[in-house]
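Chain by chain, the residues run as shown.
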Amino acid sequence: MQTSHGRRRRGGIAVLAVVVAALIAPVGAAHADAVADGNWWYSAFGADEVHGEGWTGEGIKVAVVDQQINDTLPVFEGTNLTVSPRPLCGDDTDDVVTTDLTEGSLHGSGMTALLIGNGEGNGAVRGIAPGADVTFYGYGSELCVISADGNGNLTGGYSEAIRTAVADGNEIITTSVAFDEARPDEVSAVAEALAQGVIIVAATPNSTTDTSSYPSQLNGVVSVNAFDANGMLNADEVTGAPNIWPEVTVIAPGVDVASVNWDAEKLESGSSNAAPLVAGILAAAWQKYPDATSNQLIQSLIHNTTPDDHPLSRNMENGAGYGPVSLRHMLAVDPAQYPDENPLMDKASGQPTAAQVADAGAQDGATPAPAASDAPATAESAPDAMPLVVGGIGVLVLVTALVFTIVRVRRGRNGPTQGENR
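Residues numbered from 1 in each chain as written. Predicted model: local features only at pLDDT ≥ 70, side-chain atom pairs only at ≥ 80, totals over all residues. Heavy atoms only, no water.

### A word on the side chain of glutamine 287
Structurally, the position occupied by glutamine 287 is in helix α7 (residues 271–288). A residue is classified by how much of its surface remains accessible, and glutamine 287, at 17% relative accessible area, is buried. Of note is the side chain of glutamine 287, whose polar atom sits 2.9 Å from the backbone oxygen of glycine 54. A polar contact of 2.8 Å, which involves the side chain of glutamine 287, links it to the backbone nitrogen of glycine 57. With residues up to four places along the chain from it excluded, the contact list for glutamine 287 reads Gly54, Trp55, Thr56, Gly57, Glu58 and Ile60. (Helix = DSSP H or I, 4+ residues; strand = E, 2+ residues; numbered from the N terminus. Buried < 20%, exposed > 50% of the residue type's maximum accessible area, 1.4 Å probe, protein only. Polar contact = N/O pair within 3.5 Å; in protein donor to acceptor, adjacent residues only side chain to side chain. Contact = heavy atoms within 4.5 Å.)

### Quick notes on the sheet that holds strand β3 (residues 61–66)
Spatially, 7 strands are ordered β4-β5-β3-β8-β9-β10-β11 in an open sheet, and the strand pairing comes out parallel. In this open sheet, the two strands that pair with only one neighbour each are β4 (81–84) and β11 (250–253). Neighbour to neighbour, the strand axes of the sheet diverge by 25 degrees on average, direction disregarded. Taken together, the 3 bridges between strand β9 (residues 199–203) and strand β10 (residues 222–227) define a ladder with parallel strand orientation. Opposite alanine 202, over in β10, you have serine 223 as the bridge partner. Across the sheet, helix α5 (residues 157–167) lies against β3, β5 (133–138), β8 (172–175) and β9, angled at about 150 degrees from β8, the strand it touches most. Relative to the sheet, α7 contacts β3, β8, β9, β10 and β11, its axis offset from that of β9 by approximately 155 degrees. (Pairing = 2+ DSSP bridges. Axes fitted to C-alpha atoms, helices over the stretch in contact; angles between N-to-C directions.)

### Here we look at the packing of aromatic side chains
Considering all chains together, one arrives at 5 aromatic pairs under this definition. Where tryptophan 41 meets tyrosine 42, the ring centres are 5.6 Å apart and the plane angle is 80 degrees; that geometry is what we call edge-to-face. Overall, the relative accessible area of 0% leaves tryptophan 41 in the buried class. Summarising the aromatic geometry, the rings of tyrosine 139 and phenylalanine 179 are spaced 6.3 Å apart at their centres and angled 80 degrees between planes, so their arrangement reads as edge-to-face. Residue tyrosine 139 is found in the loop between β5 and β6 (147–148), and its partner phenylalanine 179 is found in the loop between β8 and α6 (184–195); the two are separated by 40 residues along the sequence. We note that tyrosine 139, like phenylalanine 179, is buried. The rings of Trp41, Tyr42 and Phe45 are connected pair by pair, giving a single aromatic cluster. (Phe/Tyr/Trp six-rings, centres within 6.5 Å; stacked < 30°, edge-to-face > 60°.)

Here is the structure:
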C-alpha cells in the first residue's frame with residue numbers, strides 16, 4: 001500500500017535450509033547454471049512440465065498491488081497483462097506506468113514478471129502462472145495521503161487497492177508492499193475481500209525489527225517468507241540472524257532470483273519475490289480445480305507443502321510455518337476434500353475477526369466465504385516430516401531429499417512517508 005506508507009524490503013544472508021524430496025529436480029551443471037542466472041526456482045518447481053500439462057493459471061484473475069511498472073519490457077510481450085491507469089495514491093499523478101528505472105518500477109515489474117513473464121529480456125524471467133490474467137494496481141511514485149472518507153473514516157491506497165481489485169473480479173490479490181499498521185478501513189477492506197472468496201497473499205518483512213508487518217499479519221491472509229537455492233531461509237536484513245516470523249503461513253523461493261532490471265543483469269533477494277510465486281501456484285491449482293473455494297485452496301496450500309504427503313504440521317519456531325510450497329503437490333490433490341473454512345484466522349493481530357468477515361459478507365448481500373473461528377488450524381507443532389536441526393548461523397529444516405530457499409519480500413509502512421524499495 002504505497003500510499004502514505006509503503007516500504008519494500010531487501011533480503012539478507014540465507015539462514016534456513018529446507019530439503020524437499022523431488023523439489024529440485026535438476027542436478028549437475030544444468031542446475032548450477034539455473035542457480036547462477038537466478039532461475040533456479042523455475043526448474044525446482046518443475047514449472048516447464050506443469051505448463052506443458054496445461055496448468056498455467058489460465059482464466060484466473062490475479063491482482064498485483066505494488067508501486068510502478070514498466071509494461072513495455074520484452075518479458076511482458078504476449079502476456080495477459082492489464083495496468084489499472086489511475087494511481088492508488090490519487091488522481092494527481094500519472095506515473096503508475098514508467099520506463100524510468102526506479103526502485104518502484106523495478107520492484108513492481110519484477111513481481112509481475114514472476115507471475116507471467118515470458119522469459120524474454122534481461123533476467124529471462126519466466127512466470128509461474130504465465131496464462132493468468134493479471135491486473136497491476138500501482139500506488140505511483142507520489143505520497144499517498146491518508147484522508148477521511150464521507151463517514152469520517154481514515155482511508156488510503158491499500159483499502160482502495162483491495163476494493164478495486166475485488167470489484168474488478170480478481171480472485172487472488174498479491175502484494176509485496178507492507179505497512180506499519182492496519183487502519184480500520186483497511187481491515188474492513190480485507191474482511192470484505194475474504195467474505196467475497198478472494199485470496200490475499202502478502203510478503204513478510206525482511207527484518208524482525210521492522211514494524212511494517214501488515215497486511216501479512218492480518219487474519220485470513222496468506223503470509224509468505226523466502227528461501228534460497230541452498231534451502232536457506234532469508235536472513236534478517238538488519239541483524240543477519242534468521243528472519244523468523246512465527247505466524248508465517250508458508251515459505252517459497254525468493255533469494256538470488258533473476259531481475260528484470262533493464263539496465264543490467266542482476267539478482268534480487270527478499271520475501272517480495274516469494275509472494276507472487278505462491279499466488280501463481282494458487283492460480284494454477286484454481287485452474288485445475290475450478291469448483292474449489294478460496295478457503296479450500298488455502299487449506300490445500302498448507303496441507304500439501306513439500307513434495308510428499310504428510311500430516312498437517314506447523315512450526316512457529318523455525319520460520320517455516322506450514323512448510324515450503326510445492327507446485328506439483330498442490331496440483332496433485334483435489335482441494336474439495338478440505339473444509340470450506342479459512343485456517344488462518346488465529347493471528348495475534350486478532351483482525352479481522354470471523355464475525356467481521358461474516359458481517360462484511362452480509363452487508364454485501366452475498367453468501368460470505370466461511371471463516372474458521374479465531375483459533376489455529378489443527379496441526380502438529382513440530383512435524384516429523386520437518387525435523388529441526390540447529391547449526392552454524394542458521395536453522396536447518398530437513399524434509400526428505402531436496403533443497404529449497406526463500407527470497408526477500410519488499411514491504412511498505414503505514415506512515416506519512418513515501419514508500420521506499422529496498
